[in-house]
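Structural overview for review
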Amino acid sequence: MNNEDCIKVINKINNCLKENQWMDFEICRMNEGQIILSGKLDELDEEIIEISFVQPFMVSCLMKFSYDDGDFISLVDGEEAIGINRNYKVEQGNYIFKLSIDDNDKSCFIIAKEIDVNITN
């Protein structure tokens, strides 16, 4: 996955969430091959969005969380990326994804080779 394709997927995710204004997320699957976030408007509702992080290197995230406003996901670069790389020795070819979540003063990070999204709504 190149940087341009990665940004397209991120924009697709952020646009979907802006239309829905809020969403509850949970990590529904996690293994060395992928991390999958499932997004629903309510715990009892059907899944609206499924975000897959392919070949994850690291995850620093709550198992369940909510999104309420602004961009949900972004790529980390610059000084912040350098700091994360110093702490975790991120392997080349990985993207650092930052998730902005509610009720948490710290962001979540998922480092992976690729990202994909499936939106059902």
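To be clear, the structure that these remarks concern was listed above.
Along each chain, residue indices are assigned from 1 in the same order as the chain's sequence is written. Confidence filtering applies because this is a predicted model: local features only for residues at pLDDT of at least 70, side-chain atom pairs given and counted only at 80 or more, and all residues used for totals across whole chains, interfaces and linings. The side-chain numbers reported here are obtained from all heavy atoms of the structure, hydrogens and water having been left aside.

Right, let's talk about the packing of aromatic side chains for a bit. Ring geometry is summarised as follows: Phe, Tyr and Trp rings, the Trp one being its six-membered ring, pair when their centres sit within 6.5 Å, and such pairs are stacked at plane angles under 30 degrees, edge-to-face over 60 and tilted between the two. On inspection of all chains with the given rule, the structure shows six aromatic pairs. Seen in terms of ring centroids, Tyr-67 and Phe-72 are 5.7 Å apart; in terms of plane orientation they differ by 85°. Their pairing is edge-to-face. Note on exposure labels: buried denotes an accessible area under 20% of the residue type's maximum, exposed denotes more than 50%, and partly exposed covers the range between, all computed with a 1.4 Å probe on protein chains only. By relative accessible area, Phe-72 is classed as buried at 0%. Pairing Tyr-95 with Phe-97 gives two aromatic rings, centres 6.1 Å apart and planes at 45°, and the pair type is tilted. Taken as a pair, Tyr-95 and Phe-97 share a single burial class, namely buried.

We now examine the sheet that holds strand β5 (residues 73–75). Any two strands between which DSSP finds at least two bridges are classified as paired. Numbering of helices and strands runs from the N terminus, with a helix taken as a DSSP run of H or I at least four residues long and a strand as a DSSP run of E at least two residues long. A sheet is described by the order of its strands in space; here seven strands give the open sequence β4-β1-β2-β3-β7-β6-β5, paired in antiparallel fashion. Across the chains shown, the open sheet's two edge strands, defined by having one partner strand only, are β4 (64–67) and β5. Pairs of neighbouring strands in the sheet enclose a mean axial angle of 40°, with direction left out of account. Inspection of the sheet shows strand β2 (residues 34–40) paired to strand β3 (residues 49–60) by six bridges, in the antiparallel sense. Among the inter-strand pairings, Ile-35 is bridged to a residue of β3, identified as Phe-53. Throughout, an axis means a line fitted to C-alpha atoms (over the contacting stretch in the case of helices), and angles, computed between N-to-C directions, take values from 0 to 180 degrees.

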